[in-house]
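Examination of the molecular architecture
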Amino acid sequence: EDDEEPGEISNVDQHGSDTASDISEADREEALVEAAQERRGEAQAALARLDAGSYGLCIDCGDKINEDRLQFRPEASRCLTCQEKFEESDA
């Protein structure tokens, strides 16, 4: 008499949903890395503008970027109006 519960017959994972979750986890990790790289690039560009003496000036219109915006996003390269136009044109 064999009271053992049957195990998996193969060493290969038979659960498709596990593979799907592995892929989506890899996609999430890739997206996080890309976002971190983008933020790093924005910070480096802000430091370059600081060195050049143009930090706090909008790269599109040349106006001063609002202090509150720079407090919230020190790496901001555009005033809020130009940023909104930029995002609309990118959509």
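Let us look at the structure shown here. (Residues numbered from 1 in each chain as written. Predicted model: local features only at pLDDT ≥ 70, side-chain atom pairs only at ≥ 80, totals over all residues. Heavy atoms only, no water.)

**Describing the overall build of the chain**
Counting its regular elements, the chain contains three helices and zero strands. Taken across its 91 residues, the chain has 15% of its residues classed as buried. Counting only contacts in the chain whose residues sit at least 6 apart along the sequence, the fraction spanning at least 24 positions is 22%. (Helix = DSSP H or I, 4+ residues; strand = E, 2+ residues; numbered from the N terminus. Buried < 20%, exposed > 50% of the residue type's maximum accessible area, 1.4 Å probe, protein only. Contact = heavy atoms within 4.5 Å.)

**Comments concerning a negative patch on the surface**
Residues Asp27, Glu30, Glu34 and Glu38 make up a contiguous surface patch of negative charge. Position of Glu30 relative to the elements: it lies in helix 1 (residues 16-52). Residue classification places Glu30 among the partly exposed positions, given a relative accessible area of 46%. (Patch = residues over 30% accessible without salt bridge, like charges linked within 9 Å, V, L, I, M, F, W, Y side chains within 5 Å. Areas by Shrake-Rupley, 256 points an atom, 1.4 Å probe, with all protein chains shown as cover. Salt bridge = Lys/Arg side-chain N within 4 Å of Asp/Glu carboxyl O. Lys, Arg positive; Asp, Glu negative; His and termini not counted. Charge placed at Lys NZ, Arg CZ, Asp CG, Glu CD.)

**Digging into the pattern of salt bridges**
Oppositely charged side chains may form a pair once their charged atoms are brought near each other. Applying the stated rule across the entire model yields six salt bridges. The salt bridge involving Glu75 is made with Arg39; its shortest N-O contact spans 3.2 Å. On the criterion of sequence distance, the pair formed by Glu75 in the loop between helix 2 (67-72) and helix 3 (80-90) and Arg39 in helix 1 is long-range, its members being 36 residues apart. The class for Arg39 is partly exposed, based on a relative accessible area of 49%. The shortest N-O distance in the salt bridge between Glu75 and Arg73 comes to 2.7 Å. With relative accessibility at 29%, the residue Arg73 sits in the partly exposed group. A cluster of three or more residues bridged by salt bridges with shared partners is formed by Arg39, Glu42, Arg73 and Glu75.

**Some points on the nonpolar core**
Ranked by size, the top nonpolar core spans six residues in total: Cys58, Ile65, Leu70, Ala76, Cys79 and Cys82. Not counting chain neighbours up to four residues away, the residues in contact with Cys82 comprise Cys58, Asp60 and Cys61. (Core = buried A, V, L, I, M, F, W, Y, C linked by side-chain atoms within 4.5 Å.)

**Topic: the packing of aromatic side chains**
Inspection of every chain in the model, using the stated rule, returns zero aromatic pairs. Its end group placed over the ring of Phe86, Arg78 keeps NZ or CZ at 3.8 Å from the ring centre. (Phe/Tyr/Trp six-rings, centres within 6.5 Å; stacked < 30°, edge-to-face > 60°. Lys NZ or Arg CZ within 6 Å of the ring centre and 35° of its normal.)

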